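# Inside the fold
Single-letter residue listing:
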4 protein chains.
Amino acid sequence: MGLKMDAEALAAFMARAFPQVAGDFVVERVAPMEITVRMEVSDRHLRPGDTVSGPTLFSLADVAVYLAVLSMIGPQALAVTTNCSMDFMRKPAPGADLRAEARLLKLGRVLAVGDVLIYSDGVEAPVARATLTYSIPPARG
Amino acid sequence: MGLKMDAEALAAFMARAFPQVAGDFVVERVAPMEITVRMEVSDRHLRPGDTVSGPTLFSLADVAVYLAVLSMIGPQALAVTTNCSMDFMRKPAPGADLRAEARLLKLGRVLAVGDVLIYSDGVEAPVARATLTYSIPPARG
Amino acid sequence: MGLKMDAEALAAFMARAFPQVAGDFVVERVAPMEITVRMEVSDRHLRPGDTVSGPTLFSLADVAVYLAVLSMIGPQALAVTTNCSMDFMRKPAPGADLRAEARLLKLGRVLAVGDVLIYSDGVEAPVARATLTYSIPPARG
Amino acid sequence: MGLKMDAEALAAFMARAFPQVAGDFVVERVAPMEITVRMEVSDRHLRPGDTVSGPTLFSLADVAVYLAVLSMIGPQALAVTTNCSMDFMRKPAPGADLRAEARLLKLGRVLAVGDVLIYSDGVEAPVARATLTYSIPPARG
């Protein structure tokens, strides 16, 4: 299957549909069933000890898989997250940006499953991993 | 085991340690191994369709289990989330507050496990569930 | 909603559909959206140190939620597990039976979600917890 | 870090410690932080519709990450699974063997995290994925 939305189309969709958060995320690369999304970390994403908050890491994982799904099925879909599992493995570097590398493992008629590794600039090993399931509404034609 | 922190002590701790988000959460009830935390939903927690965002639900689940752990071991602990699984089951009511009912299933020397049901005011069945694992640092005495 | 299958009907279904494992499980109690399933632990379920194997605990959690779903929608359904999260919290007692207490948190048109606490006879706190999602095939009428 | 156990050493350990199930698994390849484990599927692993049972897929994922951990820390460790999340994405081919490709994402002092893709011979896309956390006992020197 080919891409229905490229990085530019995904960015335009985000700006329109999620104006509150769209500015946080940049699609670095998108390919069939794969995406890389960068997140600029600012003060409001931090917690004591200058660590990135859990909800911030969750939101990046969620957005990355969401955009990977949309890149394949197009902007009309009201996909919703139904399940997430996430492991927080290392402390992200304080002021560093985050990078999510997501791949879709399944893109079915009803459910899509993607997993994500999140990297913190300057830390070689991933700081977190997540798997998300999206429910795809029937009228996706 | 008894409580080391009551609702008031937990609120004071939150205000001190997490000033950015402490105002969102109210500890309604705390008992040994159990807590109820209420979250006032405001515009910045919403997504298109007036639904509550996934990261908002995640942050409530995370805070509820975190405070349940602290209520048992005291404020000195730098517990960090190591794992989360979460199911998003129903759409929360648009303007309604959220209520998390959490219980600790395990409070070990190294790991604590708690699960949470999240309710949206006016919806009888839970809108989400989560299980979180916290790693407890050695020096908790 | 009421029950479409009681304990006897569930046992008959298991014996017919899953003859290899049906003998391991006994439905102790079934009520709308709730079930208790007992598992007799035998030598082949054990691991070194006389502990119950992870796959054994998984199979009990899986069967308990599966039977809870069937009790509500009837035996015609080819429900399949799509997701499981599980926490192994304590060591079960060596020779003791296991008891799974499951409840359905959601029984939708397409997905059902149930969670389970597993107890080991003689240990007060749960030894494991799990949440399972089942995909329900369209033709369930 | 280098390997403390190669494929042969892992097989010998399995035969000694898990005689009931060791025969099901073959370590095809082991490298630092990575392992491939093959499982021969026999009748007792099947379910109605000639599909491989969930507990069978779980046991393969569990063994693969367990052996990956042991390959790095040696046979003396009594590592136990503390958490698992698993997605069942496609039906395995009936008579076909299974292949688990696991990698360790974290190998800490206390916790190890690994994820696994499970393939069924003759099906290109993975049939299941899992992430497992192992707790590593203190005396691992």
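The model shown is predicted, which means the values in this text are computed figures rather than measured ones.

## Brief notes about the overall build of chain A
- Tallying secondary structure elements over chain A gives two helices and eight strands in all.
- In chain A, the succession of helices and strands from N to C terminus is α-β-β-β-β-α-β-β-β-β.
- Here the C-alpha radius of gyration of chain A, 15 Å, is about what a compact globule of 141 residues would show, namely 14 Å.
- Principal-axis analysis of the C-alpha atoms gives chain A an extent of 45 × 25 × 20 Å.
- In chain A, once contacts between residues fewer than 6 apart in sequence are set aside, the share between residues at least 24 apart is 65%.

## What about the interface of chain A and chain B?
- Facing 20 residues of chain A, the contacting portion of chain B comprises 20 residues.
- Elements represented by at least two residues in the side of chain A that touches chain B include exactly α2 (54-73) and β5 (80-88) of chain A.
- Top element by residues in the side of chain A that touches chain B is β5(A). It accounts for nine residues.
- Here the residues of the side of chain A that touches chain B are counted per class, giving nine nonpolar, seven polar and four charged.
- Examined bridge by bridge, β5(A) and strand β5 (residues 80-88) of chain B share five bridges and lie antiparallel to one another. Residue pairing in the sheet places Ser85(A) in a bridge with Ser85(B) of β5(B).

## Quick word on the sheet that holds strand β7 (residues 111-120) of chain B
- The strand order β1(A)-β2(A)-β6(A)-β7(A)-β8(A)-β5(A)-β5(B)-β8(B)-β7(B)-β6(B)-β2(B)-β1(B) describes an open sheet built from 12 strands, whose pairing is antiparallel. The open sheet has two edge strands, β1 (25-31) of chain A together with β1 (25-31) of chain B, and neither has a second partner. For this sheet the average axis-to-axis angle between neighbouring strands, irrespective of direction, equals 20°.
- Relative to strand β8 (residues 128-135) of chain A, β5(A) runs antiparallel, the two being bridged by eight bridges. Along β8(A), the bridge assignment pairs Phe88(A) with Ala128(A).

## Digging into the interface of chain C and chain D
- Across the boundary between the two partners, chain C contributes 20 residues, which contact 20 residues of chain D.
- The set of elements that each furnish at least two residues to the side of chain C that touches chain D consists of α2 (54-73) and β5 (80-88) of chain C.
- Examining the composition of the side of chain C that touches chain D, we find that nine residues originate from one element, β5(C), more than from any other.

## Regarding the relation of the copies chain A and chain B
- Superposing chain A onto chain B takes a rotation of 180° combined with a translation of 0.0 Å along the rotation axis, leaving an RMSD of 0.0 Å. Considering both components of the superposition, the chain copies are consistent with a two-fold axis. Of every C-alpha in chain A, the one belonging to Ser85(A) sits nearest the axis of rotation, 2.1 Å from it.
- A symmetric contact is evident, with 100% of the interface residues of chain A recurring at the interface of chain B.

## Section: the relation of the copies chain C and chain D
- By a simple turn and slide, chain C fits onto chain D: the slide is 0.0 Å along the axis, the RMSD is 0.0 Å, and the turn is 180°.
- In this assembly, 100% of the residues forming the interface of chain C have copies in chain D that are likewise at the interface, indicating an isologous arrangement.

## Some remarks on the packing of α2(A) against helix α2 (residues 54-73) of chain B
- Closest axis-to-axis distance for the α2(A)/α2(B) pair is 9 Å, and the angle between their directions is 145°. When you trace α2(A) past α2(B), the crossing you get is right-handed. Where α2(A) approaches α2(B), its residues Gly54(A), Pro55(A), Phe58(A), Ser59(A) and Asp62(A) are matched on the opposing element by Gly54(B), Pro55(B), Phe58(B), Ser59(B) and Asp62(B).
- Its residues assigned to classes, the contact of α2(A) with α2(B) comprises four nonpolar, four polar and two charged.

## Here's the deal with the sheet that holds strand β2 (residues 34-39) of chain D
- In spatial order, the strands read β1(C)-β2(C)-β6(C)-β7(C)-β8(C)-β5(C)-β5(D)-β8(D)-β7(D)-β6(D)-β2(D)-β1(D); together these 12 strands make up an open sheet with antiparallel pairing. Each having just a single partner strand, β1 (25-31) of chain C together with β1 (25-31) of chain D make up the two edges of the open sheet. The mean inter-strand angle of the sheet, taken between neighbouring strand axes irrespective of direction, is 20°.
- Note: strand β7 (residues 111-120) of chain D against strand β8 (residues 128-135) of chain D, eight bridges, orientation antiparallel. The residue bridging Leu117(D) from the neighbouring strand is Arg129(D), located in β8(D).
- This element, helix α2 (residues 54-73) of chain D, spans β5 of chain C together with β1, β2, β5 (80-88), β6 (98-107), β7 and β8 of chain D of the sheet and lies at about 45° to β6(D).

## Let's talk about unusual backbone geometry
- Here the phi dihedral of Met33(A) falls at roughly 70°; this positive angle occurs in a residue that is not glycine.
- Summarising the element assignment, Met33(A) is placed in the loop between β1 and β2 (34-39).

## Quick word on the environment of Val69(A)
All names here are of chain A.
- By the element assignment, Val69 lies in helix α2.
- Separated by 34 residues in sequence, Val69 and Arg103 have C-alpha atoms that sit 9.4 Å apart.
- Leaving out residues up to four positions away in the same chain, Val69 has contacts with Ala79, Leu104, Ala112 and Tyr134.

## Considering the environment of Pro137(C)
- Within the secondary structure, Pro137(C) sits in the segment after β8 (128-135).
- A residue is classified by how many C-beta atoms lie within 10 Å of it, and Pro137(C), with 11 of them, is exposed.

## A short note on the pairing of strand β2 (residues 34-39) of chain C
All names here are of chain C.
- Only one face of β2 is covered, namely the one carrying Ile35, Val37 and Met39; the face carrying Glu34, Thr36 and Arg38 has none of its residues buried.
- Here β1 runs beside β2; their pairing, made up of six bridges, is antiparallel. Residue pairing in the sheet places Ala31 in a bridge with Glu34 of β2.
- Joining the antiparallel neighbours β1 and β2 is a turn of two residues, in which Met33 adopts a positive phi near 70°.
- The sheet contact formed by β2 and strand β6 (residues 98-107) spans six bridges and is antiparallel. Across the sheet, the residue bridging to Arg38 is Arg99, located in β6.

## Things to note about α2(C)
Residues and elements named next belong to chain C.
- In a regular helix each residue adds 1.5 Å, so 20 residues correspond to 28 Å; α2 covers 29 Å between its end C-alpha atoms and thus fits that length.
- Extensive coverage of α2 is indicated by the burial of 19 of its 20 residues.
- Immediately downstream of α2, the backbone of Gly74 shows phi near 90°, a positive value.

Parameters at a glance
- Residues numbered from 1 in each chain as written.
- Chains lettered and ligands numbered in written order.
- Predicted model: local features only at pLDDT ≥ 70, side-chain atom pairs only at ≥ 80, totals over all residues.
- Helix = DSSP H or I, 4+ residues; strand = E, 2+ residues; numbered from the N terminus.
- Rg over C-alpha atoms; globule rule 2.2 N^0.38 Å.
- Contact = placed C-beta atoms within 7 Å.
- Nonpolar A, V, L, I, M, F, W, Y, C, P; charged D, E, K, R; others polar.
- Pairing = 2+ DSSP bridges.
- Axes fitted to C-alpha atoms, helices over the stretch in contact; angles between N-to-C directions.
- Least-squares fit on C-alpha atoms with pLDDT ≥ 70 in both.
- Left-handed = near helix turned anticlockwise from the far one by under 90°.
- Buried ≥ 20, exposed ≤ 12 C-beta atoms within 10 Å, placed from the backbone.
- Expected span 1.5 Å × (residues − 1).

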